[in-house]
Amino acid sequence: MPIRIIVVDDHPVVRDGLREIFSTDDAFEVVGEAADGPEALALTRRTNPDLVLMDLRMPKMSGAELIRRLREQNPGINVLVLTTFDNDGDVLPAIEQGATGYLLKDTPRVELLRAAQAAARGETVLSPTVAGVLQQKVRPPSQTLSRRELEVLGLIARGATNREVAARLFITEATVKTHLLHIFGKLGVKDRAAAVAAAYETGLLKRASET
């Protein structure tokens, strides 16, 4: 079955371009387009897509608010941000509200398609610039980790290498690295050891072993 996707952007030319990219790939089905937050919420209720591909700055509703309301409306939905903004004032609120991934609009077509497939599976996808923002920004270790991030963290705590984690979870090593960067950003740490320590202190690691 193709991945059902909706495109949310206030620029018609951008929507046209994204529709063309995804419509020519058999792995996807574009089931709708929206120009702002309220349209996106209504469209999502009608179409129940697998993935929402959205810009951050649009009329009527902020990107972070739209992500929050999409997640409230459908907790299992995956949201992939595609925008031109990579500063922490845009990145962090989007990630904190539950964005599955965050890419910039200069992402090559092939990488965008690959990232959309991963995001539709619930895998964290970040552009290198955004991953750097998350890694460098100090955040208190109170962020909620996704189930997959908890799985990765639990395996890392037991001494698994990135390659071993990838084999165990049937994902690529690149995806493992992306998950780790996301974990570092959420926990406010800069390396694996600090992430494990923070997870023990906050009880996240115990929950990881129980899931």
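Rules used throughout
Residues numbered from 1 in each chain as written. Predicted model: local features only at pLDDT ≥ 70, side-chain atom pairs only at ≥ 80, totals over all residues. Heavy atoms only, no water. Helix = DSSP H or I, 4+ residues; strand = E, 2+ residues; numbered from the N terminus. Rg over C-alpha atoms; globule rule 2.2 N^0.38 Å. Buried < 20%, exposed > 50% of the residue type's maximum accessible area, 1.4 Å probe, protein only. Contact = heavy atoms within 4.5 Å. Areas by Shrake-Rupley, 256 points an atom, 1.4 Å probe, with all protein chains shown as cover. Lys, Arg positive; Asp, Glu negative; His and termini not counted. Charge placed at Lys NZ, Arg CZ, Asp CG, Glu CD. Axes fitted to C-alpha atoms, helices over the stretch in contact; angles between N-to-C directions. Parallel < 35°, antiparallel > 145°, perpendicular 65-115°, else oblique. Nonpolar A, V, L, I, M, F, W, Y, C, P; charged D, E, K, R; others polar. Core = buried A, V, L, I, M, F, W, Y, C linked by side-chain atoms within 4.5 Å.

Caption draft 1: The overall build of the protein, seen in detail. Across its full length, the protein carries 11 helices and 6 strands. Relative to its length of 211 residues, the protein is compact, with a C-alpha radius of gyration of 17 Å against a globular reference of 17 Å. Referenced to the eigenvectors of the C-alpha coordinate spread, the extents of the protein come out at roughly 50 × 35 × 30 Å. Counting the 211 residues in the protein, one finds 50% classified as buried. Taking the contacts inside the protein whose residues are at least 6 apart along the sequence as the reference set, 66% of them involve residues at least 24 apart. Accessible surface computed for the protein: about 10,100 Å², of which carbon and sulfur atoms make up 51%. For the protein, the separation between the mean place of its 27 positive charges and that of its 28 negative charges on side chains is 5 Å.

Caption draft 2: Highlighting unusual backbone geometry. The backbone of N48 shows a phi angle near 50°, a positive value even though the residue is not glycine. Position of N48 among the secondary structure elements: in the loop between α2 (37-47) and β3 (51-54). Take N48: its relative accessible area is 48%, and that puts it in the partly exposed class. Of note in this structure, K60 is not a glycine but carries a positive phi near 75°. Relative to the assigned elements, K60 resides in the loop between β3 and α3 (63-73).

Caption draft 3: Looking closely at the side chain of T47. Here T47 is to be found in helix α2. The residues touching T47, leaving out its near neighbours within four places in the chain, are R4, I6 and V31.

Caption draft 4: The arrangement of the packing of helix α7 (residues 147-157) against helix α9 (residues 173-187) in detail. Where α7 meets α9, the axes come as close as 10 Å, and the angle between the chain directions of the two elements is 95°. The angle between α7 and α9 falls in the class roughly perpendicular. Contact residues: R148, E149, V152, L153 and I156 in α7; H179, L180, H182, I183 and K186 in α9. Split into classes, the residues belonging to the contact of α7 with α9 amount to 5 nonpolar, 2 polar and 3 charged.

Caption draft 5: Region of the structure containing the nonpolar core. By size, the foremost hydrophobic cluster in this structure holds 27 residues, and its most contacted members are V8, V52, M54, L66, I67, L70 and Y102. If you look at the next biggest cluster of nonpolar residues, it comprises 23 residues, including L155, L169, L187 and V196.

Caption draft 6: The arrangement of the environment of A119 in detail. Along the chain, the position of A119 falls in helix α5 (residues 109-120). Residues A119 and N48, spaced 71 residues apart in sequence, show a C-alpha to C-alpha distance of 16 Å. With residues up to four places along the chain from it excluded, the contact list for A119 reads L51, N78, L80, T100 and V125.

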